[in-house]
Amino acid sequence: MPSIGSDAPDFTLPDHKREAVTLSSLRGKNVVLAFFPAAFTGVCEKEMCTFRDSLAAFNDLDAAVYGVSVDAPFSNAAFAERNKLNFPILSDYARAAVKAYGVAHDDFAGMSGYTAAKRSVFVVDKQGKLQYAWVADNPGQEPNYDEVEAAVKKLG
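Residues numbered from 1 in each chain as written. Predicted model: local features only at pLDDT ≥ 70, side-chain atom pairs only at ≥ 80, totals over all residues. Heavy atoms only, no water.

Visitor: Is there a simple way to explain the overall build of the chain in this structure?
Guide: Helix and strand counts for the chain come out as 4 helices and 9 strands. Helices and strands appear in the chain in the N-to-C order β-β-β-α-β-α-β-α-β-β-β-β-α. Relative to a compact globule of 156 residues, whose C-alpha radius of gyration would be 15 Å, the chain shows 14 Å and is just as compact. Relative to its full complement of 156 residues, the chain shows a buried share of 49%. (Helix = DSSP H or I, 4+ residues; strand = E, 2+ residues; numbered from the N terminus. Rg over C-alpha atoms; globule rule 2.2 N^0.38 Å. Buried < 20%, exposed > 50% of the residue type's maximum accessible area, 1.4 Å probe, protein only.)

Put into structure tokens, the structure is as follows:
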């Protein structure tokens, strides 16, 4: 996992509309990356809907929120539509970002050979530096949303 203060690992991933999003192109804006294990699962829906409901607060802090999963863009599109998500869901189907951020959950749910994302949240500042990291070993654990918002507020 990259350390706090280091450059956030760059990536280019398709969003749920199959449009490429490159992290480094978002410089000048604070970014919240919320990795989650799987679309259409209870805790993941709750987490993404909590970020959806908090989006105005993050926008006021000049921060963009992105969900990231290993699901295909097609699944992520259906997930975003079903939950009326108002921010992009990125598809890391090749698992490059989960590996770069050190959050690959190998053999997820006892499925040998299947790698999902560990539930984790990273905050990247306007210069592309990692300023906050939270990773759950238990996929049923949600992040402390107030802590994530506070981390973004500290960036100014």
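Visitor: Explanation requested: the environment of Ala77 in the structure shown.
Guide: Within the fold, Ala77 resides in helix H2 (residues 73-82). Judged by its relative accessible area of 24%, Ala77 falls in the partly exposed class. Separated by 61 residues in the primary sequence, Ala77 and His16 place their C-alpha atoms 4.6 Å from one another.

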